[in-house]
Amino acid sequence: MHDHDHDDEHHRDNHYSDMQAGVKALETLLTEKGLIDPAAIDAIVETYETKVGPRNGAHVVAKAWSDADFAEWLKRDATAAISSLGYTGRQGEHMRAVFNTSETHNLIVCTLCSCYPWSVLGLPPVWYKAPAYRSRAVIDPRGVLAEFGLTLPEDKKIRVWDSTAELRYLVIPERPTGTEGMDEVALAGLVSRDAMIGTAVAGSSKVSAAGSPEALP
Ligand code: FE
């Protein structure tokens, strides 16, 4: 039913490199004219990638951990549950929350291009858009996770979810042990962007790190 949107979305995503080239040219020009400091631009992008955007998703996760009714709603109708917190808009219209359990770990990818739940995670990291991640996450998820520094028990199943323009996924990590007394705000502080993509787990030491491994892309 959203075929047209879908095609538009992929069309645009596939031309992202053209847009990137244009942005780069503009950045170079402005830098040469002394109008901008590239380091400042990098800092702003970094902030939106790792701090501002993913804090929305972390709020969703923390609420799911603290409120069983909300968690149930999130499982049943993630789009509505997430909207109720005010996180809506482009690239977040149709959401599905996938819950990590002791048996199963979930990992998100967009094999076609770079579909990503902007409303809860902000800007996608560079590696998420890289061909290496997009192909290898499906073929060898365990190997990819190891490169992110995440080694899961051999008997833990890994489910890989392929995002599209029509349906985007949010991983709800397992709540770390020893966090029983923590409130939602403190819990949200344990949830990194990567934990909501599935390339990390909650409460790891990598929480606020950019999280892009040397080996990828
Ligand atoms: Fe995509």
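Preceding block: the structure.
Scoring rules and cut-offs
Residues numbered from 1 in each chain as written. Predicted model: local features only at pLDDT ≥ 70, side-chain atom pairs only at ≥ 80, totals over all residues. Heavy atoms only, no water. Helix = DSSP H or I, 4+ residues; strand = E, 2+ residues; numbered from the N terminus. Buried < 20%, exposed > 50% of the residue type's maximum accessible area, 1.4 Å probe, protein only. Contact = heavy atoms within 4.5 Å. Areas by Shrake-Rupley, 256 points an atom, 1.4 Å probe, with all protein chains shown as cover. Axes fitted to C-alpha atoms, helices over the stretch in contact; angles between N-to-C directions. Parallel < 35°, antiparallel > 145°, perpendicular 65-115°, else oblique. Nonpolar A, V, L, I, M, F, W, Y, C, P; charged D, E, K, R; others polar. Donors = N, O, S within 2.8 Å, 3.2 Å for Na, K, Ca; no water. Tetrahedral: all angles 85-135°; square planar, octahedral: opposite > 155°, others 65-115°.

1. A look at the overall build of the protein chain
Right, on to step 1. Tallying secondary structure elements over the protein chain gives 11 helices and four strands in all.
Right, on to step 2. Going through the 217 residues of the protein chain one by one, you find that 42% of them count as buried.
Right, on to step 3. Put simply, of all contacts in the protein chain between residues at least 6 apart along the chain, 71% involve residues at least 24 apart.
Right, on to step 4. Here the protein chain has roughly 11200 Å² of accessible surface; of this, 56% comes from carbon and sulfur atoms.

2. Regarding the packing of helix H3 (residues 38–66) against helix H4 (residues 68–76)
For any two helices packed against each other, the geometry comes down to the angle between their axes and how far apart the axes lie.
Right, on to step 1. Relative orientation of the contacting elements H3 and H4 amounts to 120 degrees, with a least axis distance of 5 Å. When the axis of H3 is compared with that of H4, the two are oblique. Counted together, Val60, Lys63, Ala64 and Ser66 of H3 and Ala68, Phe70, Ala71 and Leu74 of H4 form the full contact between these two elements.
Right, on to step 2. Per-class residue counts for the contact of H3 with H4 are six nonpolar, one polar and one charged.

3. A closer look at the coordination of the iron ion
Right, on to step 1. Bound to the iron ion are the protein donor atoms Cys110 (SG), Cys113 (SG), Cys115 (N) and Cys115 (SG), situated 2.2 to 2.6 Å from the metal.
Right, on to step 2. Each of the four donor atoms bound to the iron ion contributes to angles spanning 79 to 130 degrees, and the resulting shape is irregular.
Right, on to step 3. Spacing between the donor residues of the iron ion along their common chain follows C-x2-C-x1-C. Cys115 matches Cys110 in its accessibility class, with the two residues each being buried.

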